[in-house]
Amino acid sequence: MAIHGKKYIAVATKVTKQADYSVESAVEFLKENPTAKFDETFEFAFRMGVDPTKSDQAIRSTVALPHGTGKDVRVIVFATGDAAEAARAAGAAEVGFEDLIKKIQEGWVDFDAAVATPDAMKEVRKVARVLGPRGLMPNPKTGTVTDDTASAVNQLKAGRVEFRMDRNGNIAVPFGKRSFEKTALLENAKAVVDAINSAKPASAKGTYIKRCTISSTMGPGLRVALKEISA
């Protein structure tokens with residue numbers, strides 16, 4: 001059982017139990033009730049109404065946050081030649097090929113996103129068991145397998161966030177920092193909700209989003225009214 005500190009308990013007692021918050025009121029509550037000294041991340045947690053065991057109901061996509069994530073995103077790129085040079089010029093944290101694969105095989109995973117050129121993917125698959133479970137494996141569906149490495153790096157550093165449903169049917173998506181203005185957080189939140197709804201599988205039946213909460217890194221979760229996030 002989780003043990004919470006005094007700040008968390010004090011804030012949690014202010015949450016109206018069994019109430020459905022609007023996205024705006026949830027954001028306002030968490031901004032006004034900090035539970036940590038650092039700049040906490042605000043995050044959506046969705047409980048999806050699809051079957052995670054069926055491949056045709058898998059949910060995986062990206063969302064471009066209008067105001068970014070508030071985080072310095074460390075992007076690595078598996079590439080050679082011109083694509084490698086373009087990635088370096090765009091600000092990639094690490095660029096390489098076989099040397100970078102070896103570094104990861106030795107246990108290094110100090111980065112937030114990975115991009116690869118199509119030609120590099122055959123070798124990159126050697127570290128799929130390391131990158132896959134962490135959500136770091138380059139994937140053409142999310143635009144991280146591409147010859148236009150500069151564009152991919154720029155988008156990731158600007159605030160493009162990848163999301164995917166886990167084996168239990170849950171999706172977690174960060175959408176900003178406590179220090180953001182409320183309007184920026186709300187615009188980022190809308191982008192996330194729109195992206196989740198757009199990613200609905202064609203084979204999905206019934207209620208698509210069963211539950212949604214918004215929380216800060218160290219704060220309690222506030223249940224969001226489904227009418228607020230339904231397409």
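Residues numbered from 1 in each chain as written. Predicted model: local features only at pLDDT ≥ 70, side-chain atom pairs only at ≥ 80, totals over all residues. Heavy atoms only, no water.

**Quick look at the environment of K37**
- Relative to the assigned elements, K37 resides in the loop between α2 (23–32) and β1 (41–48).
- Taking the C-alpha atoms as reference, K37 lies 26 Å from R160; in sequence the two are 123 residues apart. (Helix = DSSP H or I, 4+ residues; strand = E, 2+ residues; numbered from the N terminus.)

**Overview of the packing of α2 against helix α8 (residues 182–198)**
- At a minimum axis distance of 10 Å, the contact between α2 and α8 shows a crossing angle of 135°. Classified by the interaxial angle, the pair formed by α2 and α8 is oblique. Relative to α8, α2 is oriented so that their crossing is right-handed. Facing V23, E24, V27, E28 and K31 of α2, the residues of α8 in contact are K182, L185, L186 and A189.
- Its residues placed into classes, the contact of α2 with α8 shows five nonpolar, no polar and four charged. (Axes fitted to C-alpha atoms, helices over the stretch in contact; angles between N-to-C directions. Parallel < 35°, antiparallel > 145°, perpendicular 65-115°, else oblique. Left-handed = near helix turned anticlockwise from the far one by under 90°. Contact = heavy atoms within 4.5 Å. Nonpolar A, V, L, I, M, F, W, Y, C, P; charged D, E, K, R; others polar.)

**What to know about the sheet that holds strand β3 (residues 75–78)**
- Taking strand neighbours across the sheet as the criterion, the three strands line up as β4-β3-β5 in an open arrangement whose pairing is parallel. Since the sheet does not close on itself, it has two edges, and those belong to β4 (94–96) and β5 (113–116), each with one partner. Recorded for the sheet is a direction-independent mean angle of 15° between the axes of neighbouring strands.
- Judged from the four bridges that link them, β3 and β5 form a sheet pairing that is parallel. Across the sheet, residue I76 finds its bridge partner in β5, namely A114.
- Against the sheet, helix α7 (residues 149–158) touches β3 and β5, its axis set at about 160° to β3. (Pairing = 2+ DSSP bridges.)

**Some remarks on the pattern of salt bridges**
- Applying the stated criterion to the full structure yields 13 salt bridges.
- When the shortest N-O distance is used, the salt bridge between E94 and K103 registers 3.4 Å.
- When its relative accessible area of 31% is taken as the criterion, K103 is described as partly exposed.
- When the shortest N-O distance is used, the salt bridge between K126 and E123 registers 2.6 Å.
- In this structure E123 comes out as partly exposed when scored by relative accessible area, which is 22%. (Salt bridge = Lys/Arg side-chain N within 4 Å of Asp/Glu carboxyl O. Buried < 20%, exposed > 50% of the residue type's maximum accessible area, 1.4 Å probe, protein only.)

**Section: the packing of aromatic side chains**
- All told, the structure shown has five aromatic pairs when counted by the stated rule.
- On the numbers, 4.9 Å between centres and 35° between planes, the contact of F44 with F175 is tilted. With F44 in strand β1 and F175 in strand β7 (residues 170–177), this residue pair connects regions lying 131 residues apart in the sequence. Both residues of the pair, F44 and F175, belong to the buried class.
- Ring centres 5.1 Å apart and planes at 45° place the aromatic pair W108 and F111 in the tilted group. In this structure, W108 and F111 share a single accessibility class: buried.
- One aromatic cluster in this structure is built from F42, F44, F46 and F175.
- In this arrangement the basic side chain of K103 is found over the ring face of W108, its NZ or CZ atom lying 4.2 Å from the centre. (Phe/Tyr/Trp six-rings, centres within 6.5 Å; stacked < 30°, edge-to-face > 60°. Lys NZ or Arg CZ within 6 Å of the ring centre and 35° of its normal.)

**Examining the pairing of strand β8 (residues 209–216)**
- Taken across its eight residues, β8 has six buried, putting it largely inside the fold.
- Pairing analysis gives two bridges linking β8 to strand β9 (residues 222–223), with the strands arranged antiparallel. Within β9, the residue paired with I214 across the bridge is L222.
- Hairpin geometry of β8 and β9 is characterised by an intervening segment of five residues between the two adjacent antiparallel strands.

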